[in-house]
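Working through the structure, step by step
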There are 2 protein chains.
Amino acid sequence: MKPVKVGLLGLGTVGTGVVRIVQGHQEDLQSQVGSPIQIDKILVQNKAKSRSLAIDHDKLTEDAWEIINDPDIDVIVEVMGGIEHTKAYILEALAQGKSVVTANKDLMALHGPEILEQARENNCDVLYEASVAGGIPIIRTLVEGFSSDRILKIMGIVNGTTNYILSKMSREGASYEDVLKEAQQLGYAEADPTSDVEGLDAARKMTILSTLGFRVNVALEDVAVQGISSVSKEDILYAKRLGYEVKLLGIAERQDDQISVSVQPTMVKASHPLAAVNGVFNAVYVHGEAVGETMFYGAGAGELPTATSVVSDLVAAIKNKKLGVGGRQGAMVYKEKKLKSDEQISSKYFILLHVADRAGVLARITQVFAEYEVSLESVLQQPNPHIQEAEIIIITHDANKAAIRKVLDSFGSLDVIRRIKSMYRVEG
Amino acid sequence: MKPVKVGLLGLGTVGTGVVRIVQGHQEDLQSQVGSPIQIDKILVQNKAKSRSLAIDHDKLTEDAWEIINDPDIDVIVEVMGGIEHTKAYILEALAQGKSVVTANKDLMALHGPEILEQARENNCDVLYEASVAGGIPIIRTLVEGFSSDRILKIMGIVNGTTNYILSKMSREGASYEDVLKEAQQLGYAEADPTSDVEGLDAARKMTILSTLGFRVNVALEDVAVQGISSVSKEDILYAKRLGYEVKLLGIAERQDDQISVSVQPTMVKASHPLAAVNGVFNAVYVHGEAVGETMFYGAGAGELPTATSVVSDLVAAIKNKKLGVGGRQGAMVYKEKKLKSDEQISSKYFILLHVADRAGVLARITQVFAEYEVSLESVLQQPNPHIQEAEIIIITHDANKAAIRKVLDSFGSLDVIRRIKSMYRVEG
């Protein structure tokens, strides 16, 4: 039987995992696609470097174009990372009729639509399961499992670093700074943690998930992003006392034809399945019209989970090619994008205020909420002896984002309010 | 393009859902398989019955063989239920080279190996995603997502009725009898709830999941089954106080080549993702060697979730047929079955004893544990004024099932022990 020939771009930890799985599970893989799978050429930075992997030296090359332009190669697996160069390789590979499997979330978040369009035009696939929540088959589930359903909401814990930090703050009552430092020492957070803790990594993944879920080209700049660096241990303590956990949630919602996508620290009701997702784990919660509530939980990263996802995509790409149904995924983004305005984005909010401890304060505050038609679910006032002020904790009913902003603006001119200590979106 | 012709056995709620989805999503489905999908003949009990569905009356038949023996029909979808007759239809359909999609867990749990073998011999598929946890693509995930991994453990909340009952007992402190009665009124439990509450339904599903996960023919009689009818509200209260929830868990484990499969009420640590699965929801937790811990959560049943699963299987069956890779799933059961003995099945246990309230009792009890080499993680003794006796709550370290049984047997001859109030396996 004629083997399927694969070109591999990158031989780091994930690339090595891919080679190991393809070599070690040849029989299983062959039974799935109907012919042998052969990794024919591998792009490396340095051919001379010694490697732990038993691999034919002739297969290595330092020239990506040698792989892209090889007419014998059927599928490209891209696990080298990078944006501009990598994009050029992938676009040309697709132009030559090669399907592509990639683990590159940055590339797909930034240039996904262009790449998928190129794939569609050439009847090829670009599959990228490993780019979001490495060990969870969430993209396949959104595309195949929900193909006959209509997705209403996607909520994701899609960044392991921030979930590790928030879980540990919650469990141990530790401060953000202390836990971040420890996470850096353990290798769970990078030396420059900005991309993770400011929510950018999560936003890229939500771009990908919401594009797939809603069949609309969501761009990174459509996502309202807020990170976790301002989350205090006191906030988490309050949340717990009220029956919530604080999580960095990506939230994508659709109502009729309008969508909104955001990433922010959110209070999640303890009884919601997302509240129990701790440590470096990822989870994606999907609400479909037919299927109802579902959630997919697992490792967000790691060499083997990621390589396993890449190989599953490789199998799917080969199957589609042989069936003559390649390039359909790109075509699935067919709806016009209509973003909700702040007036249309509705949710519950938690607000913690420090106020002067005297009569009539609560009345003045609740009056502001009434003015902007924000109704309240619960209000708790208590003295705080440490600061010689009172604390007021408010949870609103569903309110729109614009009204909440107006309420907070009005608080600025209310002298009885010493400070707006914190505010969180509330879910579940 | 020549359409794929489907024969549908059964037009109840799920069958109607299947027709609706195939009609309503024709374009999406065609883009996945490369040709139109046409439901050509439908088996009903009574052709004359009026139906809500707009369907060509000529397609209906009361004779299953008319569908099975029709050479133009490529795939059979079985949503009629039943065992012996249904099995005969499916075996003959496979013999004629037709792939089969079924939602019939009873059939697959009892005759799965024979049916899958017949499929393999005829290069056809039998797909049955909808038979376990209707809205969760767990079978596809075990077969495809884990194809290059090795599954070590599967734990499932796979029966919605019992999970509804236990969740409600936990949340409201209500008794088993009261909640069961209410569940029956709401239609969440059947008039004769035996199959659900005694764990038989869960055992059938665990038979299916463990067969797939371990590539071994697990039979229903290999599953050690205990139901929830003896779970008291006091047990649940104790569990909560110690940081656990009581869940009816199916547990399938593998160590080297040996497996064990069981269903029993289990105390699950509150921090474990399974502990947060409440109400009629289902969840399956899978621990794979490469991918680590994953969990899949969603609706366990319901017309639309189930029909959605059936249609996804239909798409997969058609794809495999066109690729010429049908019948591989049956071949995946290739390992010899070796069941663990009770001496080899190890876990933690919770034991609640009512004992005489006098000196030296605890010493005599802990001595029995020591005698059978069961070590203890925690021991709590407290007076119980209601019964004028003391209560002793013990959580063991990992201990084998045989040793625990011997300990309990020895307690029978210990006069200071008034009664063994309850015992639970502990997970998480």
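Just so you know, these numbers come straight off a predicted model, no measurement behind them.

Structural notes on the environment of Ile387(A)
All names here are of chain A. With respect to the helices, strands and loops of the structure, isoleucine 387 is situated in the loop between β14 (376-384) and β15 (389-396). With 88 residues separating them in the primary sequence, isoleucine 387 and alanine 299 have C-alpha atoms 42 Å apart. Not counting residues up to four positions away in its chain, the partners in contact with isoleucine 387 are His354 and Arg419.

Observations regarding the sheet that holds strand β3 (residues 60-61) of chain A
Residues and elements named next belong to chain A. The parallel open sheet is built from six strands, whose spatial order is β3-β2-β1-β4-β5-β6. If you trace the sheet from one side to the other, it starts and ends with β3 and β6 (126-127), each paired once. Packed onto the sheet, helix α1 (residues 13-24) meets β1 (4-9) and β2 (37-43) and runs at close to 155° relative to β2.

What about the packing of aromatic side chains?
Using the criterion set out here, one finds eleven aromatic pairs over all chains in the structure. Between Phe281(B) and Tyr297(B), the ring centres sit 5.0 Å apart and the planes meet at 10°, which makes this aromatic pair stacked. Of the two residues, Phe281(B) is situated in strand β11 (residues 281-288) and Tyr297(B) in strand β12 (residues 292-299); the sequence distance between them amounts to 16 residues. Look at Tyr297(B) and you get buried, because its relative accessible area is 4%. Just above the ring of Tyr238(A) sits the side chain of Arg241(A); from NZ or CZ to the centre is 5.1 Å.

Examining the side chain of His272(B)
All names here are of chain B. In this structure, histidine 272 sits in the loop between β10 (258-269) and β11. Looking at histidine 272, the relative accessible area reads 9%, which means it is buried. The residues touching histidine 272, leaving out its near neighbours within four places in the chain, are Met155, Tyr285 and Gly428.

Notes on the relation of the copies chain B and chain A
Superposition record for chain B on chain A: RMSD 0.0 Å, screw rotation 180°, translation along axis 0.0 Å. One copy is carried onto the other by what is essentially a two-fold rotation axis. The position closest to the rotation axis in chain B is occupied by the C-alpha of Phe296(B), lying 2.4 Å away. A high fraction, 100%, of the interface residues of chain B reappear at the interface in chain A, so the copies pair face to face through one surface.

Notes on helix α5 (residues 105-121) of chain A
Where α5(A) bends most, the angle comes to about 85°, and this point is His111(A), followed within four residues by the proline Pro113(A). Within α5(A), the full set of buried residues consists of Leu107(A), Met108(A), Ala109(A), His111(A), Gly112(A), Ile115(A), Leu116(A), Gln118(A) and Ala119(A).

As for unusual backbone geometry
Phi at Asp256(A) is positive, roughly 50°, even though this residue is not glycine. Assignment of secondary structure puts Asp256(A) in the loop between β9 (244-255) and β10 (258-269). Overall, the relative accessible area of 65% leaves Asp256(A) in the exposed class. Although it is not a glycine, Asn123(B) sits at a positive phi angle of roughly 55°. Along the chain, Asn123(B) falls in the loop between α5 (105-121) and β6 (126-127).

Overview of a nonpolar patch on the surface
Together, Leu186(A), Tyr188(A) and Val280(A) line one region of the surface with nonpolar side chains, adding up to about 260 Å² of accessible area. Note on placement: Leu186(A) falls in helix α8 (residues 176-186).

Describing the sheet that holds strand β1 (residues 4-9) of chain B
Residue and element names in this part refer to chain B. Read across the open sheet, the six strands follow the order β3-β2-β1-β4-β5-β6; overall the sheet is parallel. Every interior strand has two partners, whereas the edge strands, β3 (60-61) and β6, have only one. Of the strand pairs in this sheet, β1 and strand β2 (residues 37-43) are connected by six bridges, and their pairing is parallel. Along β2, the bridge assignment pairs glycine 7 with lysine 41.

Observations regarding the UniProt feature "binding site: NADPH" (unreviewed entry) in chain A
Residues and elements named next belong to chain A. If you check UniProt for "binding site: NADPH" (unreviewed entry), the listed places come out as Lys105 in our numbering. Of note, lysine 105 is situated in helix α5. Discounting residues that sit within four places of it in the chain, lysine 105 has contacts with Ser131, Asp201, Lys205 and Ile208.

Thresholds, definitions, all that
Residues numbered from 1 in each chain as written. Chains lettered and ligands numbered in written order. Predicted model: local features only at pLDDT ≥ 70, side-chain atom pairs only at ≥ 80, totals over all residues. Heavy atoms only, no water. Helix = DSSP H or I, 4+ residues; strand = E, 2+ residues; numbered from the N terminus. Contact = heavy atoms within 4.5 Å. Pairing = 2+ DSSP bridges. Axes fitted to C-alpha atoms, helices over the stretch in contact; angles between N-to-C directions. Phe/Tyr/Trp six-rings, centres within 6.5 Å; stacked < 30°, edge-to-face > 60°. Buried < 20%, exposed > 50% of the residue type's maximum accessible area, 1.4 Å probe, protein only. Lys NZ or Arg CZ within 6 Å of the ring centre and 35° of its normal. Least-squares fit on C-alpha atoms with pLDDT ≥ 70 in both. Bend = angle between axes of the 7 residues up to and from the residue. Patch = residues over 30% accessible without salt bridge, like charges linked within 9 Å, V, L, I, M, F, W, Y side chains within 5 Å. Areas by Shrake-Rupley, 256 points an atom, 1.4 Å probe, with all protein chains shown as cover. Salt bridge = Lys/Arg side-chain N within 4 Å of Asp/Glu carboxyl O. UniProt positions renumbered as here; feature names shortened; annotations may be inferred.

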